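Each chain, written out:
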Amino acid sequence: MEEESGGTSLCPWRTFLPEQFQSLEEYAHALCDFAEGPVATLMRTATATRFLLDDTFHKLPPEWIPHLEALSLDQLAHLPLGKHVEDEWPQSLVEFVRAGHDLVVRRVPNEGAMQQLESEIPDLKSQSALSHAMKAKKFQESKTFAPLVARFARALGVSHAVDIGAGKGYFSQLLAFCFDMQVVGVDINEKLTAGAAQRLAHVATLQERQQQRQQSEVPSRESSGSSSSSEAAGGSYSPLTIAVGPETPPNVLFEGANPSDGYLLVGMHCCGNLTPNMLRIFAQQPALTGMMQLGCCYHKLTEEDEVLLPAVRRRDGVVDSGSSAGSVLGFPLSRVVQERHTKLMETGRREACHSCERWPVTLDACEQAYKMHLYRTMLQVVLDRYYAEDLKVRGRDVAVGTIRKSMRASFALYAEECIVKKLQLSFDRVTPEQLHEVEAEFSGRGHEIQIFWTLRGVLGRVLESLILVDRLLYLQENVVLLEDQCLFTTVVPAFHPVDSPRNMAIVCARYDPRLQTPHHLMRAIDTSGTVPLLPHLPAH
């Protein structure tokens, strides 16, 4: 059960979820209702590459179109955030925009709370070895997520962590050596774990050199306890190549160790089906005390009636031992959402990956992205008219991937790059005049793409909320609890969505109500700045 104890009525999942719902089940149904509406269904099912060929824009409610066409790019960028609604709009458009805003999880953390988190990382000037070879974005995310995980571990009294999908151990090593935790970094890819071992050795060498420099510069610091060696003294990190499933005992990962305080399961930006499989592992393993994980790559989740592609299977660091179709599903996981039969579709899953919070501050990038969307849809017109037989052989609309910046200057260059380099087709079948005809026919419809993709952004925020709530419900329905254990579940933003679009962490714990309360656990990981401090914990 999920207990509310300790002299407070705090319900953890409410902190970042809309206040108008009395239960997660009620919230999930409201999200499904929105996703199954006629406009949202059009957004989920429309094929982006055939936007012009299918005249998708004019399938929107006709009364919406003149009002949306009157909006500038800046106004459109603010629309998914609920910051641009006009009185003269049709009521159905107002309701769509407002519902899309009011239904979503609160993805923006409190700035002061985030600054406090970063301040809890030990002096990284003395720990610069731990940032070795890390990209700036990864380092910034790790500087926030590591102290958040460490706080949760301390609140649970846990010092052992298993990082699933750890790769080269960038985050794991920061967690281990800055916060004195015993961390095993698990990945199915031998090259990545070998790289983690090499990096670990290199970090140790750099730390030793830093310590020697510090001691030679200020000998008296040797007894001060503030050197990098003392910060890392209580922590350890071990990379491990293994496929972990729901039945793998956690002590196997720690070479037989079975700490009485249990284990914490963590993961930062776990790709596709790796996140739901982590939930399955936590649900079935009572030895796992807590879990904190950030998902990403929602478009790689599998739904009913979809085939689990080998490429997804190879990237998935967890092998699910179940044989039923449900054991490989990425969505839906919970009974509540399964009974609704709501489908995200690949288009919807891709939209759930986007961060509309970035749009108002990156208008130039948005304009360039919309231009590429227009080019891609015009390319599909060219392919449909002049390469129809090739498309029949391939069986579907083809993906062209990333296009070199130099080939984005004009549609003619873009088309040549895609047809010759990406699709490896002959460019002789289409003349420059025919390309110009297509461009002249459709180039004026770029604003339609801006409008439609904006409305898809409204839907994407709702679909991500549905994915998150489905995961919380799965945990509530399936986590195995021992006697006298209670269940804590919530979702919190670990970063600002402008900096990192996939910023929502699923948090779960099996806790002893004699030792912890939901309030104190929530207080430990609060990034809203709204959870008050209580003066005491339960007596041990």
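Quick summary incoming for the structure in this document. (Residues numbered from 1 in each chain as written. Predicted model: local features only at pLDDT ≥ 70, side-chain atom pairs only at ≥ 80, totals over all residues. Heavy atoms only, no water.)

## Considering the overall build of the protein chain
Secondary structure assignment for the protein chain yields 21 helices and seven strands. When the 540 residues of the protein chain are sorted by exposure, 55% land in the buried category. Long-range pairs, those at least 24 residues apart, make up 78% of the contacts in the protein chain between residues at least 6 apart in sequence. Carbon and sulfur atoms form 51% of the exposed surface of the protein chain, whose accessible area is close to 23200 Å². (Helix = DSSP H or I, 4+ residues; strand = E, 2+ residues; numbered from the N terminus. Buried < 20%, exposed > 50% of the residue type's maximum accessible area, 1.4 Å probe, protein only. Contact = heavy atoms within 4.5 Å. Areas by Shrake-Rupley, 256 points an atom, 1.4 Å probe, with all protein chains shown as cover.)

## A few points about the pairing of strand S2 (residues 182-187)
Here S2 lies mainly inside the structure; five of its six residues are buried. For the segment spanning strand S1 (residues 160-164), helix H8 (residues 170-178) and S2, crossover handedness is right-handed. One ladder, built from six bridges, connects S2 with strand S3 (residues 236-241); its direction is parallel. Each residue of the ladder has a partner; that of Gln182, found in S3, is Ser236. (Right-handed = clockwise from strand over helix to strand, strands pointing away. Pairing = 2+ DSSP bridges.)

## As for the nonpolar core
Core analysis: the largest hydrophobic core is formed by 162 residues, its most contacted members being Phe145, Phe152, Leu175 and Phe411. A total of 17 residues in this core trace back to one element, the largest contributor, which is helix H20 (residues 446-478). For Phe145, the residues in contact, after removing those within four places along its chain, are Phe171, Gly267, Met268, Met292, Gln293, Leu294, Ala494, Phe495 and Ala505. (Core = buried A, V, L, I, M, F, W, Y, C linked by side-chain atoms within 4.5 Å.)

## Quick word on empty space enclosed by the protein
Under the criterion given, the structure shown has two cavities of 30 Å³ or more. In this structure, the largest cavity spans a volume of roughly 50 Å³. Every residue along the wall of the largest cavity is listed here: Val162, Val244, Thr248, Pro250, Leu253, Leu265, Ile281, Gln285 and Leu288. Classifying every residue of the lining of the largest cavity by side-chain character gives seven nonpolar, two polar and no charged. Empty space within the second largest cavity amounts to approximately 40 Å³. Forming the walls of the second largest cavity are Glu303, Glu304, Phe331, Pro332, His341, Thr342 and Lys343. For the lining of the second largest cavity, a count of residues per class yields two nonpolar, two polar and three charged. (1 Å grid on protein atoms, 1.4 Å probe; cavity = no way out; pocket = protein on both sides within 12 Å on 5 of 7 lines; lining within 4 Å. Points joined across faces, edges and corners; volume = space filled by probe spheres on them. Nonpolar A, V, L, I, M, F, W, Y, C, P; charged D, E, K, R; others polar.)

## Topic: the packing of aromatic side chains
Centre distance and the angle of the planes are the two values used to describe a pair of aromatic rings. Scanning the entire structure with this criterion turns up 11 aromatic pairs. Look at Phe452 and Trp453: their rings are 6.1 Å apart centre to centre, the planes differ by 65°, and that puts the pair in the edge-to-face class. Here the two residues Phe452 and Trp453 agree in accessibility, since each one is buried. Of the aromatic side chains, those joined through ring pairs into one cluster are Phe34, Trp64 and Phe96. In this structure, Arg456 is placed above the aromatic ring of Trp453, and the distance from its NZ or CZ to the ring centre is 4.6 Å. Sitting above the plane of the Phe282 ring, Arg510 keeps its charged end 4.4 Å from the centroid. (Phe/Tyr/Trp six-rings, centres within 6.5 Å; stacked < 30°, edge-to-face > 60°. Lys NZ or Arg CZ within 6 Å of the ring centre and 35° of its normal.)

## Some remarks on the sheet that holds strand S4 (residues 263-271)
Taking strand neighbours across the sheet as the criterion, the seven strands line up as S3-S2-S1-S4-S5-S7-S6 in an open arrangement whose pairing is mixed. Two strands bound the open sheet, and with one partner strand each, they are S3 and strand S6 (486-493). Taken over all neighbouring pairs, the strand axes of this sheet differ in orientation by 15° on average, direction set aside. Both strand S5 (residues 288-296) and strand S7 (residues 504-511) contribute to a ladder of five bridges, which runs antiparallel. Residue pairing across strands places Met292 opposite Val507, the latter belonging to S7. Lying on the sheet, H20 is in contact with S5, S6 and S7; it crosses S6 at an angle near 165°. The strands touched by helix H21 (residues 518-525) are S5, S6 and S7; relative to S6, the strand with the most contacts, the crossing angle is about 25°. (Axes fitted to C-alpha atoms, helices over the stretch in contact; angles between N-to-C directions.)

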